[in-house]
Amino acid sequence: MGYHRSNHTVARYRNADATSISRRRFIQGAALTAVSSAFACSLASCDSGFVIPCLGPAPPPAPVSGMTYIRASAIGCALDCDLRNGRNKYNGGAATDDGPRINAAMAGATADNPITLIIDGSALISGLFLPAGGHWNIAGLGCGTGFFVKTGANNDAIHNGPPDAAVPFNPGPPSPARGMNVSLSNFTVNGNQGNGFDGNSTSGSRLGSKSAWYCGINLMNLNNVTIKNVVLVSISAFHIRLSNVGNARVSGCVMKSHGLGTDGVHLDGPANDIAISECDFTTGDDSIALNCPEGYSGNISRVKVTNCTFHSWSLMRLYTTNGSANKFSIDTVSVSNCSGTLAEAAFLIGILGASLPNSIASLTISDCKLEAPTILGVAENFGTIVLGNVSFILSQPKVVWISPQANDACGVLRPSPLYGTVTCVGSSLTFDNCRISRNGTFTAPAAILANNSRIETLAFNGFEVQDAGVPMPELLDIAQGSIGQLVFGSLNSNNIVVPVPEGGFSSVGSVSGAGVLATGWEFPDSVMADGVPYFSASTGLPSIKINGVVQLYQQP
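Not measured: the values here are computed from a predicted model.

J.: Just checking my understanding: could you explain the environment of His135 for this structure?
T.: Relative to the elements of secondary structure, His135 occurs in strand E5 (residues 134-140). Through-space distance from the C-alpha of His135 to that of Ile70 is 14 Å; in sequence the pair is 65 residues apart. If we ignore the near neighbours within four places in the chain, the residues touching His135 are Ala109, Thr110, Ala111, Asn113, Pro114, Ile115, Met180, Asn181 and Val182.

Shown next, in the form of structure tokens:
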């Protein structure tokens, strides 16, 4: 998520402002209220029947030479908290705040004295504030072990540094030197999300204060971070926030909270070499956010997401500029073997124009099945985007459209529903063995270009529309944009009437590819590249251009 002021409630909430977080407001529309209410019913921490996902028992960590191991029960922690509701699990009264004992026991962690806390029970905490430089770990024993954030704590559940380490939330550059070596595994964090007057935050805002939001896990200025098999539920804001972090691994985690602002894994720039795998996201906002201008601000590089499931506002948000003088880039992002249902878009790319050329340098999405109104909601320049073996299940249940928009049609790539007036340029978009599934008369072009936006090369190497009902009118809607090279390596034109609307080829530089003739569509002679067989729109016959001259094509 980013920061920016706008006249629209949703845009004000979701856009960019480098100096404040006031733009993050709840959407008042009934659609997303219904989504949040559905999540709330299953996660209300005040309900003694609240079910926390269980990842099974886990053994204590295997001893490592030079590591100091501390059991929470051995340092005087009461461990008397019911992780479902924060009350004393023995008598229903007030549980004991074990946070101060844990903080004191872990305070001496250094490179020469790394410490692992074994959380061997369930602890009420007013916040764990552990050494800023790292060299500490928390290892749980699986189900029933972990932490419940005390009502009125008004802070993160776990972060590195003193209680005020996360203030201000977005300090801007320069980013500090990084510490290292933090590992969190096999426990639960119940963030005790309230309404701003109960639960963790009693500031008047459920999300936190005017200067900082309250996260489940908030790690800053670190290399070598591992978060494994951690369950985070009912978090006030971001489940996991990583700011100025490198070589981080998040795996096997479950994140379930309702309400906007509850991003799953939220990365602020700079960040590098991030792997997210085998995670289950049910969030009221972006499952994963790559937000360069937030935090200390900087480039984000090499992010790999594999084998995850999503039920969220978006699978991933990526943006590199918020209108300030500083502009950044995101490179080498891959998402594979994932599935999910997304309310707004699978990928929300950018929030404002004037990004650097190719600012989202490379994004690869492969072997995914995604139900959403759009796969790529674009409001920023991009370099290379490749979709390989992606199934797009068309769905338009609760999209928030911010005017003005050229249209409100679904599409694999289209202007962002939230930021639809941005002009952007993409270097290349490639479809490899992709398909659209739809029911009824939904229109879902492979690309909708508006605001004079342009894609230099758009290639299809395996593409089809399934379960079409009424055939889709056109493959591409480019009346308000343009394409440099349109390449058909392989495309099944069944259930697609024409490649572009009438007159649309005036916005295409050239058409090429070994699969042009097989589409059965007719193309103007003027746009055809030399040596490519096609059906001529002027004669209706198989044709080919040789040295710019149209000839009848003879099948070899």
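The structure having been displayed, the exposition proceeds.
J.: How should the state of the cysteines be read in this particular structure?
T.: Disulfide: a covalent bond formed between the sulfur atoms of two cysteine residues. What the rule picks out here adds up to 1 disulfide. The partner cysteine of Cys54 in its disulfide is Cys143, sulfur to sulfur 1.5 Å. Taking the torsion about the S-S bond as the criterion, the Cys54 to Cys143 disulfide, at about 105°, is right-handed. Linking Cys54 in the loop between helix H2 (30-43) and strand E1 (68-71) with Cys143 in the loop between E5 and strand E6 (146-149), this pair joins segments that are 89 residues apart in sequence. Cys143 sits in the partly exposed class, given a relative accessible area of 33%. The thiol of Cys253 is not disulfide-bonded; the next cysteine sulfur, from Cys279, is found 4.7 Å away. Relative accessible area serves as the criterion here: at 1%, Cys253 is assigned to the buried category.

J.: In this structure, what is going on with the confidence of the model for the protein chain? I would like to understand it.
T.: When pLDDT is averaged along the protein chain, the result is 90, and 90% of the positions lie at 70 or above. Low confidence marks residues 1-48, where pLDDT is under 50. Its contacts with residues over four positions away, or in another chain, come to 146 contacts.

J.: Explain the sheet that holds strand E34 (residues 549-552) to me, please; I cannot follow it from the model alone.
T.: Each strand in a sheet pairs with another by means of backbone hydrogen bonds, the pair being arranged parallel or else antiparallel. Pairing within the open sheet is mixed, and its 4 strands lie in the order E31-E32-E33-E34. Looking along the sheet, the strands with just one partner apiece sit at the ends: strand E31 (522-523) and E34. Where strand E33 (residues 542-546) lies against E34, 4 bridges are found, and the strand directions are antiparallel. By the bridge assignment for E34, Ile546 is matched with Val549.

J.: Would you explain the pattern of salt bridges in this entry?
T.: Any two side chains of opposite charge can pair if their charged atoms end up close together. Taken as a whole and judged by the stated rule, the model has 8 salt bridges. The residue Asp273 makes a salt bridge to Arg302 at a minimum N-O spacing of 2.7 Å. Here the residue Asp273 occupies a position in strand E12 (residues 265-277), and Arg302 occupies one in strand E15 (residues 300-306), the gap between them amounting to 29 residues. Here Arg302 falls in the partly exposed class, since its relative accessible area comes to 40%.

J.: How should the packing of aromatic side chains be read in this particular structure?
T.: Given two aromatic rings, their pairing is described by the distance between the two centres and the angle made by the two planes. Applying the stated criterion across every chain yields a total of 11 aromatic pairs. Taken together, the ring pairs connect Phe431, Phe460, Phe463, Phe488, Phe505, Trp521 and Phe523 into an aromatic cluster. Here Arg241 stacks its cationic end above the ring of Phe169, 3.9 Å away from the centre of that ring.

J.: I tried to follow helix H3 (residues 99-106) on my own but got confused; where do I start?
T.: Among the residues of H3, Gly99, Ile102, Asn103 and Met106 are the ones counted as buried. In a view along the axis of H3, the buried residues occupy a sector of 100°, so they form one face of it. Elements that come into contact with the buried residues of H3 comprise strand E2 (115-119), strand E3 (122-125), strand E4 (128-130), E5 and E6.

J.: Looking at this structure, how should I read the nonpolar core?
T.: When a protein is soluble and globular, its nonpolar side chains tend to lie buried together. Counting residues in hydrophobic clusters, the biggest one holds 119 residues, and the most contacted among them are Phe147, Phe347 and Leu376. A total of 7 residues in this core trace back to one element, the largest contributor, which is strand E9 (residues 217-233). Counting 13 residues, the second-largest nonpolar core is a separate cluster that includes Leu348, Leu352, Leu418 and Val422.

Reading guide: rules and limits
- Residues numbered from 1 in each chain as written.
- Predicted model: local features only at pLDDT ≥ 70, side-chain atom pairs only at ≥ 80, totals over all residues.
- Heavy atoms only, no water.
- Helix = DSSP H or I, 4+ residues; strand = E, 2+ residues; numbered from the N terminus.
- Contact = heavy atoms within 4.5 Å.
- Disulfide = S-S within 2.5 Å.
- Buried < 20%, exposed > 50% of the residue type's maximum accessible area, 1.4 Å probe, protein only.
- pLDDT = per-residue confidence, 0-100.
- Pairing = 2+ DSSP bridges.
- Salt bridge = Lys/Arg side-chain N within 4 Å of Asp/Glu carboxyl O.
- Phe/Tyr/Trp six-rings, centres within 6.5 Å; stacked < 30°, edge-to-face > 60°.
- Lys NZ or Arg CZ within 6 Å of the ring centre and 35° of its normal.
- Arc of directions from axis to C-beta.
- Core = buried A, V, L, I, M, F, W, Y, C linked by side-chain atoms within 4.5 Å.

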